[in-house]
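Fold and contact review
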Amino acid sequence: MIELRDVAYSYGGGELFSGLSLSLAPGSFHFLTGPSGAGKTTLLKLCYGDLVPTSGAVALWGEDTTGMARDGLALNRRRIGVVHQDCQFLDHLPLTDNVALPLTVAGRHQEAEAYLPDLLAWVGLTRHAKRRPPELSGGERQRAALARAVIMSPEVIIADEPTGNVDWDMSQRLLALLVELNRMGKAVLIATHDMNLIRSAKAQVAVRTLRLKDRQLIAAGAEL
Amino acid sequence: MKRAAWQALSFLAGDVQADRTVPPTGFTARLTLFTAAAMALLTVFALALSLATGRLAARWGEELAQTSTLRISAPAEQLAAQTAAALDVLRTTPGIARARALTEEEEQALLTPWFGPDLPLDALPIPQLIEIEEEGDGYDATGLRARLQAEVPGAVLDDHTRWREPLVAAAGRLRALGALAILLIGASTAAMITLAAQSALSANAQVIRVLRLVGARDAYITRAFVRRFTLRALTGAAAGTLAGGVLLALLPGAARGTDSFLTGIGLAGADWLWLLPIPPLAAAVAFAATRMAARRMLERQS
């Protein structure tokens, strides 16, 4: 579904990483770890076509993102649910509209009523449905971002520090949702510093952990 | 045609959910409304001036084309005889419906604007004027001049050509200037709306980014902005056109079509229909300007 082949990315004159290869197959579950500034967020952005590599190739469902038409990229993004580190909401809209936004832009807003109540209940935001994002706490925003990422039932879910601002109980609930989606055949890629989250996931599902360090992507996990 | 009309209607009806994705933009909304209203008002006046110029020029030209003047300059004792001879010639000339010598009072009235009401006409060597009204295709001016030269040596025929031609040319130029003014107004409207749209697009860069991240296509993002600006331009232009129409209707003598240029400015009869296309044309200009600005912005941000 998503494949990075020998990818390098340079930023501000310096090379952030090079020679990276990664394949997200249906049903795979990856964690991406590494020190701050190693390029985890950049790697995720390459995976959903928000950035194009300096060299190498990123293919979304077999199509190279370099030179891909914007509309083609948009259609591919509908197959990828993304939880951004900074959540990326439309602050003038209530939570329900923000969560339903992927359906709205796809012209399927009428389907939102069927999914929203359960989804908001699952992430514990039912009573905040009419609030706007700036009125929510960091944790609430992250839960809302996860709800938005999965509302289209995407084939791939990419999350950047999805549990960074939530407590242990909520992080376990969010993980349970991601594990459930993974068992349904969705590919999951999560960038995190939270080792406990990785351990919890390993107890539930087959997980591959990758570490981005010294400009290289290496398999990790033995120590976890 | 039907399909295009249906597409235009569904575009104007819009999608409530899609519209909500772009936050309200107070400043650019007011700027677009004001610009469209002001430009529509100016268009109404430019149109009215252009139409009035054309109407008056056509009327003057037609009146001048149907009449001629014969001027008889002769010593006072021969003036009456030459006038009678000239009238005889004119009455027997094909294409002339009527020929009439102006009375002393009428000549006095013609000279009053220049010399005042107390002009002693008897004391001045004023030529006798004969007003000629044509019929059908008019008369043969060359033949008439030849006959007059033989029978009434002091007669000079003025068929108004030297008045009519510059008048028609001036009217044509004025009409062209009116059209140019309307084109410039359209271009200014496009420029102002482009600036307002660019400002709105820049202010909503984050909104555009979020929409793209969740899979919005360019057409979806563009439509959200374009529809908003098109509707604002349509509303503003409709208000401006209405205001311009009301002001024109209130102008004195506008509908009566008087000969004075100033009181003739206005619209009469079917001319009012010219105002109807102004709001949709303003909306079309806004549509094109905003779409171009949005596409450029999306291209830059990609």
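Residues numbered from 1 in each chain as written. Chains lettered and ligands numbered in written order. Predicted model: local features only at pLDDT ≥ 70, side-chain atom pairs only at ≥ 80, totals over all residues. Heavy atoms only, no water.

Identification of chain B as Cell division protein FtsX from Limimaricola cinnabarinus is taken from an unreviewed UniProt entry.

Under an unreviewed UniProt entry, chain A has the name Cell division protein FtsE and belongs to Limimaricola cinnabarinus.

1. A look at the overall build of chain B
Note the following rule: For helices the rule is a DSSP run of H or I covering at least 4 residues; for strands it is a run of E covering at least 2, with both sets numbered from the N terminus onward. We compute the radius of gyration over the C-alpha atoms and compare it with the globule rule, which gives 2.2 Å times the number of residues raised to the power 0.38. In what follows, a contact means two residues having at least one pair of non-hydrogen atoms within 4.5 Å. Note on areas: Shrake-Rupley with a 1.4 Å probe; residue coverage comes only from the protein chains shown.
When helices and strands are counted, chain B shows 11 helices and four strands. For 302 residues, the compact-globule estimate of 2.2 N^0.38 gives 19 Å, and chain B exceeds it by more than 25% at 31 Å. Reported as C-alpha extents along the three principal axes, the dimensions of chain B are approximately 100 × 40 × 30 Å. Once local pairs closer than 6 in sequence are excluded, the contacts in chain B between residues at least 24 apart make up 82%. In the structure as shown, chain B presents an accessible area of about 16400 Å², 66% of it carried by carbon and sulfur atoms.

2. Topic: the overall build of chain A
What counts, and what does not: Residues counted as positive are Lys and Arg, residues counted as negative are Asp and Glu, and His and the chain ends are not counted. Positions of charges follow a simple convention, taking NZ of Lys, CZ of Arg, CG of Asp or CD of Glu.
Tallying secondary structure elements over chain A gives eight helices and 10 strands in all. Relative to the globule expectation of 17 Å for 224 residues, the C-alpha radius of gyration of chain A, 17 Å, shows essentially globular dimensions. Referenced to the eigenvectors of the C-alpha coordinate spread, the extents of chain A come out at roughly 45 × 40 × 35 Å. Sequence separation of 24 or more characterises 70% of the internal contacts of chain A that already satisfy a separation of 6 or more. Charged side chains in chain A number 24 positive and 24 negative. The centres of these two groups are separated by 2 Å.

3. Description of the interface of chain A and chain B
Quick reminder of the rule: When two components associate, each loses some accessible surface as probed by a 1.4 Å sphere; the sum of these losses over both components is called the buried area. Just to be clear on terms, a salt bridge is a Lys or Arg side-chain nitrogen sitting within 4 Å of an Asp or Glu carboxyl oxygen.
The interface of chain A with chain B comprises 23 residues on the first partner and 22 residues on the second. Regarding the contact of chain A and chain B, the summed buried area is about 2100 Å², with carbon and sulfur atoms giving 55% of it. A salt bridge links arginine 70 of chain A to glutamate 299 of chain B, with the shortest nitrogen-to-oxygen separation between them at 3.3 Å. Of all the secondary structure elements, the ones that give two or more residues to the side of chain A that touches chain B are α2 (70-77) and α4 (101-105) of chain A.

4. Here we look at the pattern of salt bridges
Per the stated rule, a full pass over the model turns up 15 salt bridges over all chains. The residue glutamate 106 of chain B makes a salt bridge to arginine 100 of chain B at a minimum N-O spacing of 2.9 Å. Each of Arg70 of chain A together with Arg212, Asp218 and Glu299 of chain B takes part in one network of salt bridges that share partners.

5. What to know about the UniProt feature "transmembrane region" (unreviewed entry) in chain B
Residues and elements named next belong to chain B. To be explicit about the condition: UniProt positions are given in the numbering used here, feature names are shortened, and annotations may be inferred rather than shown by experiment.
Under the UniProt annotation, "transmembrane region" (unreviewed entry) lies at residues 28-49, 174-197, 233-252 and 272-294. Each end of residues 28-49 is marked by a C-alpha atom, and these two atoms are 31 Å apart; helix forms 100% of the span and strand 0%. Secondary structure within residues 272-294 divides into 74% helix and 0% strand; the distance between the first and last C-alpha atoms comes to 35 Å.

6. So, a nonpolar patch on the surface
Residue and element names in this part refer to chain B. Using the following cut-off: Surface patches are drawn from residues lacking salt bridges whose relative accessible area is over 30%; two like charges belong together within 9 Å, two nonpolar side chains (Val, Leu, Ile, Met, Phe, Trp, Tyr) within 5 Å. Whether a residue is buried, partly exposed or exposed follows from its accessible area with a 1.4 Å probe, protein chains only, as a fraction of its type maximum: under 20%, in between, or over 50%, in that order.
A cluster of nonpolar side chains, namely Leu174, Leu177, Leu180 and Leu184, defines an oily patch on the protein surface of about 370 Å² accessible area. Mapping leucine 174 onto the fold places it in helix α7 (residues 161-203). The partly exposed category is assigned to leucine 174, whose relative accessible area is 41%.

7. What to know about the sheet that holds strand β4 (residues 155-158) of chain B
Residues and elements named next belong to chain B. So the rule is basically this: When DSSP finds two or more bridges between two strands, those strands count as paired. Lines are fitted to the C-alpha atoms to define the axes, a helix being fitted only along its stretch in contact, and any angle between axes, read from their N-to-C directions, falls within 0 to 180 degrees.
Read from one edge to the other, the open sheet built from four strands follows the order β2-β3-β1-β4, with strand pairing classed as antiparallel. The sheet is open, and its two borders are formed by β2 (96-101) and β4, each paired with just one other strand. Within this sheet the neighbouring strands show an average axis-to-axis angle of 20 degrees, counted without direction. As judged from the six bridges shared by strand β1 (residues 67-72) and strand β3 (residues 128-134), these two strands associate in the antiparallel manner. Bridging from a neighbouring strand, serine 68 pairs with isoleucine 132 of β3. With respect to the sheet, helix α6 (residues 141-151) is in contact with β1, β2 and β4, its orientation differing from that of β4 by roughly 170 degrees.

8. Some details on the nonpolar core
What counts here: Throughout this description, the term nonpolar core refers to a set of buried Ala, Val, Leu, Ile, Met, Phe, Trp, Tyr and Cys residues connected via side-chain atoms within 4.5 Å.
Among the nonpolar cores identified, the biggest contains 42 residues, and Phe29, Phe31, Val99 and Ile151 of chain A are the most heavily contacted of them. Elements that contribute at least two residues to this core include exactly β3 (29-33), α3 (95-99), α5 (112-122), α6 (138-150), β7 (156-160), α7 (168-183), β8 (187-191) and α8 (195-202) of chain A. Looking at this core element by element, the count peaks at seven residues for α7 of chain A. Among all residues touching isoleucine 151 of chain A, those that are not within four sequence positions of it are Val99, Ala100, Pro102, Leu103, Tyr115, Leu116 and Leu119 of chain A. Among the nonpolar cores identified, the runner-up in size contains 41 residues, and Val207, Ala216, Leu248 and Ala293 of chain B belong to it.

9. Side note on the packing of aromatic side chains
So the rule is basically this: Geometry of aromatic contacts follows a simple scheme: Phe, Tyr and Trp rings, the Trp one being its six-membered ring, pair when their centres are within 6.5 Å, and the pair is stacked under 30 degrees between planes, edge-to-face over 60, tilted otherwise. Distance and angle both matter: a charge sits over a ring if NZ of Lys or CZ of Arg is within 6 Å of the ring centre and within 35 degrees of the ring normal.
Inspection of the entire model under this criterion finds one aromatic pair over all chains. Residues phenylalanine 29 of chain A and phenylalanine 31 of chain A carry aromatic rings whose centres are separated by 5.4 Å and whose planes lie at 40 degrees to one another, so their mutual orientation is tilted. The same class applies to phenylalanine 29 of chain A and to phenylalanine 31 of chain A, which are both buried. Across from the ring centre of phenylalanine 229 of chain B, 4.9 Å away, lies the NZ or CZ of arginine 232 of chain B, which sits over that ring.

10. Some thoughts on the pairing of strand β10 (residues 216-220) of chain A
Residue and element names in this part refer to chain A. Where strand β9 (residues 208-213) meets β10, five bridges bridge the pair, whose relative direction is antiparallel. Note on β10: the bridge partner recorded for lysine 213 is glutamine 216. The loop that links β9 with its antiparallel partner β10 comprises two residues; one of these, aspartate 214, has a positive phi angle of about 50 degrees.

11. Describing the sheet that holds strand β4 (residues 55-60) of chain A
Residues and elements named next belong to chain A. Taken in spatial order, the four strands of this open sheet run β2-β1-β4-β5, and their pairing is antiparallel. A single partner strand is all that each edge strand has here, and the edge strands are β2 (14-24) and β5 (63-64). For β4 and β5, the ladder comprises two bridges, and the chain directions are antiparallel. Within the sheet, the bridge partner assigned to alanine 59 lies in β5 and is aspartate 64.

12. Side note on unusual backbone geometry
Phi is positive for serine 153 of chain A, close to 50 degrees, though the residue is something other than glycine. The topology assignment puts serine 153 of chain A in the loop between α6 and β7.

13. Some remarks on the environment of arginine 296 of chain B
Residues and elements named next belong to chain B. By the element assignment, arginine 296 lies in helix α11 (residues 278-301). The partly exposed category is assigned to arginine 296, whose relative accessible area is 38%. With 98 residues separating them in the primary sequence, arginine 296 and glutamine 198 have C-alpha atoms 9.3 Å apart. Not counting chain neighbours up to four residues away, the residues in contact with arginine 296 comprise Thr194 and Gln198.

14. Describing the side chain of lysine 40 of chain A
All names here are of chain A. The condition is simple: Pairing of N or O atoms within 3.5 Å defines a polar contact, subject to two protein rules: one partner must be a possible hydrogen donor and the other a possible acceptor, and residues neighboring in sequence count only if both atoms are side-chain atoms.
Within the secondary structure, lysine 40 is located in helix α1 (residues 40-47). For the buried lysine 40, which has no salt bridge, the nearest side chain bearing the opposite charge is glutamate 161, at an N-O separation of 4.9 Å. Looking at lysine 40, its side chain comes within polar contact range of the main-chain oxygen of glycine 34, at 2.9 Å. Aside from chain neighbours lying at most four places away, what touches lysine 40 is Leu32, Thr33, Gly34, Pro35, Glu161, Ala191, His193 and Leu212.

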